[in-house]
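# Overview (structure and organization)
The residues making up each chain are set out below.
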Amino acid sequence: MKALLTFVTFLGFFTPVTAKSNAGLKTWGRFNKLPYPADKAFLYDTFPKDFIWAVGTAAYQVEGAFEKDGKGLSIWDTFTRGGTRMITGDVGSDSYHNINADIRAIKQLGVSHYRFSLSWSRIFPNGTRGSYNEIGTNYYRTLIKKLKEIRVEPVVTLYHWDLPDHLQQTLGGWSNPELVGIFKDYADFCFQAFGDDVKYWITIDNPFVVARHGYGTGVVAPGIKTDPDLPFRVGHNLLKAHAAAWHLYDRHYRPRHHGKLSMALASHWIKPSRTRLESLRECQCSLDHVLGWFARPLFIDGDYPPCMKSRLGSRLPSFTPEESEQVKGTADFFALSHGAALSFHLINDSLKFGQQEDLDLRMLLYWVNTEYDNPPIFVVQSGWYVLGNTKTKDPKHMYYLKRFIAEALKSIVIDGVNVIGYTAWSLIDGFEWHREYGIRRGLYHVDFNTPDMKREPKTSATFYRNVIQSNGFPELPENRPVQGSFPCDFAWGVSANSIQVETTPTQFADPNVYLWNISNNGELLKLEGFSAPPLHRTPHCADYATIRQQVEEIRQIGVNHFHFSLNWSALVPTGDVAHPNTTLLGYYRCFSRQLLQANVTPVVTLWHHTRQRSSLPAPLDTANKWLNSKTPEAFADYARLCYRELGAYVKIWITLNEPNDEMVSYPEGHEMLRAHALAWHAYDREFRYAQGGKVSLALHMDWVEPAFSFSRKDVEPAKRVLDFCVGWFAEPIFGSGDYPVGMRSWLRQLNSLELPVFKKDDRQLVKGTYDFFAISHFSTKLVTHAKEDSYTYTAMLEVQHMIDTTWIMSPRPVVPWGLRKALNWVKEHYSDVPVYVMANGVQEDSARFKDSLRVYYLYNYINEALKAYTLDGVNLKGYFAYALNDQRDPGFGLYGQVYEEVIVKASLSNYRNIIEHNGFPIQGAEPQLCPSLAPPCRSCHVLSKSPVMGFLILVGSGVLITLGLIIYYTAKRHKECY
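Residues numbered from 1 in each chain as written. Predicted model: local features only at pLDDT ≥ 70, side-chain atom pairs only at ≥ 80, totals over all residues. Heavy atoms only, no water.

Our working rule: UniProt positions are given in the numbering used here, feature names are shortened, and annotations may be inferred rather than shown by experiment.
Identification of the protein chain as Klotho from Haplochromis burtoni is taken from an unreviewed UniProt entry. Turning to the protein chain, the UniProt record has this under Sequence similarities (unreviewed entry): "Belongs to the glycosyl hydrolase 1 family. Klotho subfamily."

## Thoughts on the overall build of the protein chain
Definition in use: A run of H or I in DSSP becomes a helix once it reaches four residues, and a run of E becomes a strand once it reaches two; helices and strands are each numbered from the N terminus. Relative accessibility under 20% of the residue-type maximum defines a buried residue, over 50% an exposed one, and the middle range a partly exposed one, all with a 1.4 Å probe and only protein chains included. Residue contacts are counted whenever heavy atoms from the two residues lie within 4.5 Å of one another. Accessible surface area values rest on a Shrake-Rupley calculation with a 1.4 Å probe, where residue burial reflects the displayed protein chains alone.
Across its full length, the protein chain carries 31 helices and 40 strands. Taking all 978 residues of the protein chain together, 58% fall into the buried category. At a minimum sequence separation of 6, the contacts of the protein chain that also span at least 24 residues come to 78%. Carbon together with sulfur atoms contributes 52% to the accessible area of the protein chain, which is approximately 40200 Å² in total.

## Looking at the state of the cysteines
Put simply, the rule is: Cysteine sulfur atoms are paired as a disulfide whenever they come within 2.5 Å of each other.
A complete count under the given rule lists three disulfides for this structure. Sulfur-sulfur distance for the disulfide between Cys285 and Cys307 comes to 1.4 Å. Taking the sign of the torsion about the S-S bond as the criterion, the disulfide between Cys285 and Cys307, at about -45°, is left-handed. Note that Cys285 is positioned in helix H12 (residues 277-301) and Cys307 in helix H13 (residues 306-312), a separation of 22 residues in sequence. With relative accessibility at 15%, the residue Cys307 sits in the buried group. Paired through a disulfide, Cys488 and Cys930 show a sulfur-sulfur distance of 2.0 Å. One quick way to see it: the torsion about the S-S bond of Cys488 and Cys930 is about -80°, and its sign makes the bridge left-handed. Here Cys488 is found in the loop between strand S19 (484-485) and strand S20 (491-495), whereas its partner Cys930 is found in the loop between strand S38 (919-920) and helix H31 (940-943), with 442 residues between them in sequence. The partly exposed category is assigned to Cys488, whose relative accessible area is 38%.

## A short note on unusual backbone geometry
Cis rather than trans, the peptide bond between Tyr36 and Pro37 has omega equal to 5°. If you trace the backbone, Pro37 turns up in the loop between helix H1 (26-32) and strand S3 (45-46). With omega at 5°, the peptide bond leading from Ala221 into Pro222 counts as cis. Phi at Lys625 takes a positive value of approximately 50°, unusual for a residue other than glycine. One can find Lys625 in the loop between helix H21 (618-621) and helix H22 (631-646). The phi dihedral of Asn918 is positive, around 55°, even though this residue is not glycine.

## As for the side chain of Asn133
Mapping Asn133 onto the fold places it in the loop between helix H5 (120-123) and helix H6 (134-149). Not counting chain neighbours up to four residues away, the residues in contact with Asn133 comprise Asp69, Gly70, Lys71, Arg122, Ile123 and Pro125.

## Things to note about the nonpolar core
The tendency in soluble globular proteins is for nonpolar side chains to be buried side by side. The cut-off we apply is this: Residues grouped as a nonpolar core are buried Ala, Val, Leu, Ile, Met, Phe, Trp, Tyr and Cys residues, joined through side-chain atoms within 4.5 Å.
Of all hydrophobic cores here, the largest spans 279 residues; its most connected members are Trp174, Tyr422, Tyr464, Phe562 and Tyr911. Counting residues in hydrophobic clusters, the runner-up holds 11 residues, among them Val155, Ala264, Ala335 and Phe378.

## Details of the side chain of Ser411
Among the secondary structure elements, Ser411 is positioned in helix H16 (residues 395-413). Setting aside anything within four residues of it in sequence, one finds Ser411 in contact with Arg362, Leu365, Gly416, Val417 and Val419.

## Brief notes about helix H20 (residues 582-597)
Rule in force here: Expected span of a helix: the number of residues minus one, times 1.5 Å. N or O atoms within 3.5 Å of each other form a polar contact, as long as, within protein, one can give a hydrogen and the other can take it, and as long as residues adjacent in sequence are counted only when both atoms are side-chain atoms.
Taking 1.5 Å of rise per residue, 16 residues should cover 22 Å, and H20 covers 22 Å from first to last C-alpha, within 8% of that figure. Of all the 16 residues making up H20, 13 are buried; the element is thus mostly covered by neighbouring parts of the structure. The N-cap residue of H20 is Asn581: its side-chain oxygen and the backbone nitrogen of Thr583 are 3.2 Å apart. Residue Asn599 follows H20 closely and has a positive phi angle near 60°.

## Here's the deal with the sheet that holds strand S28 (residues 773-776)
We apply this condition: By the convention used here, strands pair only if DSSP detects at least 2 bridges between them. Fitted lines through C-alpha atoms give the axes, limited to the stretch in contact for helices. The angle between two N-to-C directions lies from 0 to 180 degrees.
Judged by pairing direction, the barrel is parallel, and its eight strands sit side by side in the order S20-S23-S24-S25-S26-S28-S34-S35 before closing back on the first. When the angles between neighbouring strand axes are averaged without regard to direction, this sheet yields 25°. Relative to strand S35 (residues 876-882), strand S34 (residues 835-840) is paired through four bridges, and the arrangement is parallel. Residue pairing for S35: Tyr836 is matched across the bridge by Gly878. Against the sheet, helix H25 (residues 712-734) makes contact with strand S26 (694-700) and S28, and its axis sits at roughly 155° relative to S26, the strand it touches most.

## What about the packing of helix H29 (residues 852-870) against helix H30 (residues 906-916)?
This is how the line gets drawn: Should an angle fall under 35 degrees it is taken as roughly parallel, and over 145 as roughly antiparallel, whereas 65 to 115 is taken as roughly perpendicular and any remaining angle as oblique. Working rule for handedness: look at the near helix, and if it is turned counterclockwise from the far one by less than a right angle, call the crossing left-handed; if clockwise, right-handed. Here the term charged refers only to Asp, Glu, Lys and Arg, the term nonpolar to Ala, Val, Leu, Ile, Met, Phe, Trp, Tyr, Cys and Pro, and the term polar to all other amino acids, Gly among them.
Where H29 contacts H30, the two axes come as close as 8 Å, and the packing angle between them is 20°. Regarding the angle of H29 to H30, the classification is roughly parallel. Crossing of H29 over H30 shows right-handed handedness. Taking contact as the criterion, the partners of Arg854, Val855, Leu858, Tyr859 and Ile862 in H29 are, on H30, Ala906, Ser907, Asn910, Tyr911 and Ile914. A class-by-class count of the residues in the contact of H29 with H30 yields seven nonpolar, two polar and one charged.

## Structural notes on the pattern of salt bridges
Counted only if it meets this: Salt bridge criterion: a side-chain nitrogen from Lys or Arg within 4 Å of a carboxyl oxygen from Asp or Glu.
Under the definition given, this model contains 47 salt bridges. Across the pair Glu282 and Arg311 runs a salt bridge, and its minimum N-O distance is 2.5 Å. Residue Glu282 is located in helix H12, and its partner Arg311 is located in helix H13; the two are separated by 29 residues in the primary sequence. Residue classification places Glu282 among the partly exposed residues on the basis of a relative accessible area of 21%. Of the charged contacts, one joins Arg674 and Asp762 as a salt bridge, the two residues approaching to 3.3 Å between their closest N and O atoms. Pair noted here: Arg674 is in helix H23 (residues 666-686) and Asp762 is in helix H27 (residues 760-766), with a separation of 88 residues, a long-range link. Each member of the pair, Arg674 as well as Asp762, is classed as buried.

As structure tokens, this is what we get:
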């Protein structure tokens with residue numbers, strides 16, 4: 001692994017060299033320059049072979065037995081009984097009486113190390129050696145012995161916030177410098193008693209919390225908040241106590257025990273609210289006040305960060321030269337805590353300095369690496385939490401765990417950071433400090449209502465065990481891009497919800513006369529009072545400038561199909577097909593014909609569902625919309641009109657586009673199914689023989705993945721959601737002619753009568769009314785039956801919707817493999833039905849013309865489609881990127897626009913390249929030989945009207961008076977073209 005900064009190793013620990021002040025400042029800039037979104041993509045790789053996999057607990061949170069076998073009171077025993085507090089950690093998870101249960105859990109996880117803390121007051125009830133408690137000491141000897149029996153190494157914390165209360169009451173706790181010597185003596189005993197079996201020691205956990213929140217805000221024990229400067233004096237004593245213990249170990253125990261020792265420092269990440277250098281410096285200063293407060297004295301120069309010194313002045317204690325030398329270099333590795341631990345984010349914003357907090361472990365690791373000369377970093381606490389009523393299903397915790405582990409892996413593999421271990425927090429549920437039992441952080445659920453505090457593995461435990469067994473996330477065959485080509489007749493397309501419509505021809509429609517100032521700036525100046533004689537002729541397709549522009553934009557993409565929607569309410573505004581909008585109908589006819597002339601096949605949707613408006617003709621819109629019994633028949637008549645007027649040019653029809661919206665009621669959906677079926681039968685009986693086209697409907701089908709799939713019970717919610725979202729419309733048409741069995745049985749179980757019953761005639765009408773299966777697919781979501789308040793819960797389906805926190809977001813998750821699974825679902829349910837991906841795209845900032853996210857999206861989604869075709873045998877016939885431009889579909893376009901200028905985005909060129917190669921051909925293989933397709937209308941280009949412009953020029957005083965004369969030569973019409 002490449003080292004980014006120099007360090008020297010000696011006897012298994014590192015000696016820091018002098019660091020450049022604020023070296024970590026470059027972190028934000030460095031990550032801003034990494035390629036997006038490739039750097040955000042999930043990394044499939046493994047950790048180093050000797051990587052430490054650990055899990056941890058803290059004594060007061062889990063041990064219980066607060067007065068058992070001679071244990072003295074700690075400051076938490078006293079603190080939880082003060083004020084109005086009613087809940088204590090007296091019992092916790094009762095680990096004191098459940099060593100064997102904890103050992104079983106540790107063994108099941110398969111970790112290599114177990115981090116736990118010693119209860120100082122269990123060993124020395126009053127805090128000093130004179131009160132030594134043999135029984136309490138033997139508890140830890142037994143624990144260590146049992147860990148060794150299962151080949152798990154202990155990582156022992158001397159102090160995890162539970163100071164013997166006697167030291168607080170008699171000496172003022174950590175505010176008194178006398179505690180430095182007392183702690184050293186306590187450490188000396190622990191090194192002597194347990195050192196033969198312990199190779200990793202943590203002296204003090206999270207001194208920031210101890211100092212600031214124990215002796216400043218008073219949020220945690222001992223709850224002191226009287227002196228705003230006291231936290232800095234406490235922090236000073238904590239550093240000196242740690243240094244004393246380190247030197248003691250270094251001189252007297254390291255030669256024999258060969259262990260390593262550090263202080264656990266905690267921080268979240270912080271990101272700038274603005275991109276200015278001042279904001280970056282504030283971020284740096286924020287980290288200095290939380291992490292650097294203790295890290296810089298230990299790892300750099302034995303003194304506090306300059307930012308702290310300049311802002312706090314005399315409030316911050318000073319180190320003497322001797323003290324600086326005593327403190328500097330007293331850490332054998334960087335012990336980093338990260339996650340939902342107590343930190344400044346839970347209390348107030350004062351140490352954010354106007355910046356934004358973030359949970360980016362990877363950037364924090366890089367900052368530590370850069371700021372402190374590449375120390376070995378052991379993540380000694382990391383994880384998240386769930387609400388207290390959560391039991392064994394904790395998907396939120398599991399996915400945060402996945403995110404943090406994945407970020408640690410990237411830190412090693414990509415960033416070259418020397419991360420040596422990761423500790424999931426925590427082993428079991430327990431008393432969560434100031435949050436008491438309101439949250440749970442354990443990998444194992446503890447039933448606090450049972451006498452033996454029953455432990456049961458959560459989903460997060462199963463996940464963590466699997467990660468450990470695999471030593472990370474090894475790449476599987478399905479994660480790798482595939483090479484190959486689509487069939488020669490594959491439909492490459494682009495979709496748009498609508499097209500720009502121009503009902504009045506703009507070409508040569510201006511009757512004005514202009515002055516052409518050739519001697520100056522060449523501008524055309526309108527000559528008032530003059531006009532050209534009107535042209536008495538009918539409009540022609542060539543008159544519509546918008547058609548030519550749109551068709552040319554489509555042609556430049558390289559696609560052979562274009563999908564767009566008609567406007568039913570505009571085409572038949574009265575609802576009577578005998579009186580259509582002939583101008584608009586003519587425009588659609590011209591548009592379709594011009595597409596064919598450009599060798600682009602039109603794919604036309606009759607009705608596109610939108611939530612904003614019904615798009616039904618006014619008489620139907622005001623008369624109960626789709627619940628009107630006349631609407632299906634009216635739709636069939638409208639479909640006949642379109643087939644009759646446009647069928648010569650349109651060979652692929654979509655009756656309804658995405659009708660399966662959650663806002664559509666079941667009775668409305670029932671009528672939509674009837675409308676589709678009537679329109680399909682109308683084409684099949686009256687038009688198919690003459691026109692030879694295909695008709696179906698397009699369903700919205702984002703993939704639904706089980707949040708975890710460790711048992712059959714976990715998979716059922718995903719199947720249920722797919723039944724209700726996709727099977728709702730698919731099964732009556734492509735399957736049995738009725739709604740899915742699972743859908744009916746679930747609603748029956750809920751005593752719901754909302755789902756209509758198909759009459760025999762309707763079932764026969766609807767079943768089989770398809771020529772292909774078309775889907776719109778954009779993203780993937782996770783579902784689980786475990787309810788967590790922080791995610792969207794659908795009560796009717798009893799499912800929780802959530803996302804994997806490692807997914808790229810924009811704003812919906814980017815999950816390429818979801819498309820492959822969706823296509824396979826269609827194959828598994830409806831066999832060899834031809835399938836079209838009729839819309840697939842991602843939303844990205846419209847101002848980002850170098851749209852790298854869309855480039856990534858299209859490449860990977862199309863590659864997953866190729867896997868479905870080549871590896872899974874899905875009968876995939878076509879793929880349509882969504883969308884044509886931002887003007888009609890904001891944020892989704894392959895074309896952008898600035899004022900009147902059309903911008904070609906980077907994604908367009910990349911998509912065209914994929915089309916030109918018909919996929920991702922194998923390098924070095926023979927090129928795919930496909931027969932060239934003849935233009936659908938050979939004579940259209942020759943026989944179409946062509947404008948010729950003539951100019952009448954009158955010269956005078958350097959000004960040309962120009963009258964535009966339009967002369968048309970009309971060729972003989974050809975029936976194929978018109």
